Amino acid sequence: MKHILGLPHRWLGTAFTAFILLIVAYGIYAMQHPSGFSVNTITTNVNQGGALAFAAMGQSIVLLAGGIDLSIGSILVLVRSVASHVLHGSPLQVALGLMACLGVGFGAGIINGAIVVYGRIQPVIATLATGAIYAGVALAIRPRPGGDVSEWLGDVLTYEADLWLPEVLGDTFLGNLPSAAIAIGLTILLVWMPIRHAMLGRTIIAVGSNSNSARISGIAVDRVTIMAYGLGGLFAAFGGIFLAALTLTGDANAVQSGYYTLNSLAASVIGGTSLLGGVGGVLGAVFGAYLLSMMASIMRVTDKILGLIEASPLVQPLIEGLVLLIAISVGAAGALKTKNRLSILGQADRSRESHDIWAAVRLSCGLVAVLLVIASAVLISRGETPPFFSPDFLLLQLQSASFLAMFAVGAFLVIKIGQIDLSLPWAITACAMIATSVGGAWAIPIAVGVGAMIGLLNGLGVAVLRIPSIIFTLGVNSILLGLMVLLTGGFAPRSEATDAMVFLGADRSILFLPNSVLAALAVILAMAWFLRRSRIGREIEAIGFSEGAAYLSGVRTPLVIIGVFMVAGMCTGFGASLLTGFSGKAFQDMGSPYLMPAIAAVVLGGTRITGGSGHLIAVIMGVLVVTLLQSTLAVVQIPSAWRQILYGAILIVILIAQNSETLKLFMYHRKMRRSLQADTAT
């Protein structure tokens, strides 16, 4: 028999392994915990992992369809913020509030799917942008933690079942079951299982297995993909409701968004869901979520990890990061068992359609110009003078752009080969903190060297282990966070920026131009020349178009990919040095504000997000566009939440416009008119 209850043996084996590991982990935890296997302890543990279990279920459904959703955590936090406003009052009001929360989550997922399908935007970028929008909306709804969630709803969802079961059942063993476990089980049985065994569930699996075959077979691939994202948002909404009921408050916490997104991916992989789509299930994701939660709980009650490492709170983030990275690495390694090297490389084939880089740049510049006009009109209407053409304002923008430019150069190199690096936030922090801790004349070289080592790790994971870059670099980002917490004790190093950092990052020397601008410009020009003139530059472009074809043509693809990640890391380290000099010191999480802008600058600069096509000078134009966009929204004094919403929305609009057939048709006719005019002139 190839299937049991309609489920493939391969997935059942992985999910069962996750279940056994969960039982073992809980046994270790119970032996360390003073209360052992008490009902209260079990209920507490089930509650702690409940929200993550729902988020992992949603992520698994999207992965099954061959997609990925980096906004899962943001949707969960958004629904939690909404819940803190609507889940109170009479039972009827609470019921209506629950429907509203589920509608918000489902609607957010549908929006994700529609942007991916009809906007023709890669899921990574689309959901990264929508995640920023949803996080901004959550912050606008709930600017500070608080709210009023019905206590009776919280009790029903988070206490034992005897609280709401009839007395005849509550007095049995059923009364001791955690309500959260029952809620998760009922959600699987009543929501997912009917879908899984209906036409929609089968088509989701078919699309994830091979979308081209599914389309030829008559399946409405676009509609199924959108529904898969909608279901992912729906399950994330269940998680947001549960978290609101558990805490009785709402909180638009950006850290929570990242936590649930990353851990939902790891839990899905641990539970047997393939990163390539088509294989997996929500039950395994639940086991994976609780296994991750239990590992964190074990570290809170044990004295030493594996009898060797002291389990202090400072070590926990590092251990959790290592567990996440190992989990996703093992999951990705499953692809190597079923596919040979050339088959896997074939996954990276990119489009070879003509791509007008400068048309994308002109579109981005035009949109920012319109925003500048609108912002100037708003400021004039307030009786204020627009500062946009002030020399001091422009020099400050150039200085701000120089830091972003270095990070964008690294992002560009990685995207050029068809990969993406999401370890940037804590790579910046790690480079800056380690360099300032050492100090002296070697601070900047050390920052660059640390960046190169981070790039080496990322490159090995992507090129040798064949782990998708989005997954592996997210795991590396988590490890770097743990390392910095362990290194600094949760605080910034006492060392301030060195004199060399201040000179390069903050001082001005030639023609009143900031030194950071001159330094960044020198690196960019050298990099542009190298990519244009060298053989490696051509190999990078070849890998971006088709890694498989480049490999068969004799390109040493693993070495090139590793080298690109290392150079990108060195750019990150140098940029971190400039930023530290400008700020005067290194501090925790100093790199978080730069991930989205760096990727946005690359995309707005006309680089194809799937790799191959792109020009470094155009990326610098994208950096200037992003910098002006950020400063324009800040000058108009738009609240930070709405700035985040507008920023993500503008990025999506530009991406959709770049990919639209209307724009391509316009550019084609424009090119033809110019050709006819040239022929007529001759």
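Residues numbered from 1 in each chain as written. Predicted model: local features only at pLDDT ≥ 70, side-chain atom pairs only at ≥ 80, totals over all residues. Heavy atoms only, no water.

(A) A look at unusual backbone geometry. In the Ramachandran plot, Arg 120 falls in the positive-phi region, its phi being about 55° despite a non-glycine side chain. Examined against the element boundaries, Arg 120 turns out to sit in the loop between helix H4 (91-118) and helix H5 (123-141). Look at Arg 120 and you get partly exposed, because its relative accessible area is 40%. Backbone geometry at Arg 466 places phi at a positive 60°, although glycine is not the residue there. Position of Arg 466 relative to the elements: it lies in the loop between helix H19 (443-464) and helix H20 (469-488). (Helix = DSSP H or I, 4+ residues; strand = E, 2+ residues; numbered from the N terminus. Buried < 20%, exposed > 50% of the residue type's maximum accessible area, 1.4 Å probe, protein only.)

(B) Up close: the packing of aromatic side chains. Scanning the model with the defined rule gives 8 aromatic pairs in all. With 6.4 Å between their ring centres and 50° between their planes, Phe 54 and Phe 242 make a pair best called tilted. Note that Phe 54 is positioned in helix H2 (residues 39-64) and Phe 242 in helix H11 (residues 221-247), a separation of 188 residues in sequence. In terms of burial, Phe 54 and Phe 242 fall into one category: buried. Here the aromatic rings of Tyr 259 and Tyr 260 are separated by 4.9 Å at their centres, their planes lie at 80°, and the arrangement is edge-to-face. (Phe/Tyr/Trp six-rings, centres within 6.5 Å; stacked < 30°, edge-to-face > 60°.)

(C) Representation of the pattern of salt bridges within the structure. Counted under the stated rule, the structure contains 3 salt bridges. Between Arg 466 and Glu 547 there is a salt bridge, with its nearest N and O atoms 3.0 Å apart. Taken as a pair, Arg 466 in the loop between H19 and H20 and Glu 547 in helix H24 (residues 547-552) lie far apart in primary sequence, 81 residues in all. Residue class for Arg 466 comes out buried when judged on its relative accessible area of 17%. For the salt bridge of Arg 535 with Glu 539, the shortest nitrogen-to-oxygen distance reads 3.1 Å. Pair noted here: Arg 535 and Glu 539 are both in helix H23 (residues 535-545), with a separation of 4 residues, about one helical turn. Looking at Glu 539, the relative accessible area reads 14%, which means it is buried. (Salt bridge = Lys/Arg side-chain N within 4 Å of Asp/Glu carboxyl O.)

(D) Quick look at a nonpolar patch on the surface. Judged by side-chain polarity, Phe 16, Phe 19, Ile 20, Ile 23, Val 24, Ile 28 and Met 31 come together as a nonpolar surface patch covering roughly 670 Å² of accessible area. Turning to its location among the elements, Ile 20 is positioned in helix H1 (residues 9-32). (Patch = residues over 30% accessible without salt bridge, like charges linked within 9 Å, V, L, I, M, F, W, Y side chains within 5 Å. Areas by Shrake-Rupley, 256 points an atom, 1.4 Å probe, with all protein chains shown as cover.)

(E) Spatial organisation of the packing of H4 against H5. Here H4 crosses H5 at 145°, and the two axes come no closer than 9 Å. In this structure, H4 meets H5 at a crossing whose hand is right-handed. On H5, the residues touching Ala 108, Ile 111, Asn 112, Ile 115 and Val 116 of H4 are Pro 123, Ala 126, Thr 127, Thr 130 and Tyr 134. For the contact of H4 with H5, the per-class residue count stands at 7 nonpolar, 3 polar and no charged. (Axes fitted to C-alpha atoms, helices over the stretch in contact; angles between N-to-C directions. Left-handed = near helix turned anticlockwise from the far one by under 90°. Contact = heavy atoms within 4.5 Å. Nonpolar A, V, L, I, M, F, W, Y, C, P; charged D, E, K, R; others polar.)

(F) Seen up close, the packing of helix H22 (residues 515-533) against H23. With their axes 5 Å apart at the nearest point, H22 and H23 run at an angle of 80° to one another. When the axis of H22 is compared with that of H23, the two are roughly perpendicular. In this structure, H22 contributes Phe 530, Leu 531 and Arg 533 to the contact, and H23 contributes Arg 535, Ile 536, Gly 537, Arg 538 and Ile 540. Split by residue class, the contact of H22 with H23 holds 4 nonpolar, 1 polar and 3 charged. (Parallel < 35°, antiparallel > 145°, perpendicular 65-115°, else oblique.)

(G) Seen up close, H20. Its 20 residues place the ends of H20 28 Å apart at the C-alpha level, agreeing with the 28 Å of an ideal helix rising 1.5 Å per residue. Buried residues dominate H20, accounting for 16 of its 20 residues. (Expected span 1.5 Å × (residues − 1).)

(H) Focus on the environment of Leu 579. Here Leu 579 shows up in helix H25 (residues 557-583). Accessibility expressed as a relative area gives 5% for Leu 579, which makes it buried. Residues Leu 579 and Ile 428, 151 residues apart in the sequence, show an inter-C-alpha distance of 9.2 Å. Leaving out residues up to four positions away in the same chain, Leu 579 has contacts with Phe 403, Phe 407, Ile 428, Met 590 and Tyr 594.

(I) Representation of the side chain of Gln 59 within the structure. Note that Gln 59 resides in helix H2. Ignoring any residue separated from it by four or fewer positions in sequence, one finds Gln 59 in contact with Ile 68, Asp 69, Ile 72, Thr 261, Ser 264, Leu 265 and Ser 268.

(J) Seen up close, the side chain of Ser 376. Of note, Ser 376 is situated in helix H16 (residues 357-381). Looking at Ser 376, the relative accessible area reads 15%, which means it is buried. Residues within four places of Ser 376 in sequence aside, it is in contact with Pro 386 and Phe 388.

(K) Broad picture of the environment of Pro 425. For Pro 425, the location among the structural elements is in helix H18 (residues 424-438). Classification of Pro 425 as buried rests on a relative accessible area of 7%. Spatially, the C-alpha atoms of Pro 425 and Leu 474 are 10.0 Å apart, while their sequence positions differ by 49 residues. When sequence neighbours within four positions are dropped, the list of residues in contact with Pro 425 reads Asn 477, Gly 591, Ser 592 and Leu 595.

(L) Highlighting the confidence of the model for the protein. Across the protein, the average pLDDT comes to 83, with 86% of residues at or above 70. Low pLDDT, under 50, characterises residues 1-7; the stretch is placed with 12 contacts to residues that sit more than four places away or in other chains. (pLDDT = per-residue confidence, 0-100.)

(M) Structural view of the environment of Ser 71. For Ser 71, the position within the fold is in the loop between H2 and helix H3 (72-86). In sequence terms Ser 71 and Gly 232 are 161 residues apart; their C-alpha atoms lie 9.9 Å from each other. With sequence-adjacent residues up to four places away left out, Ser 71 is seen in contact with Asn 112, Thr 127, Thr 130, Gly 131 and Tyr 134.

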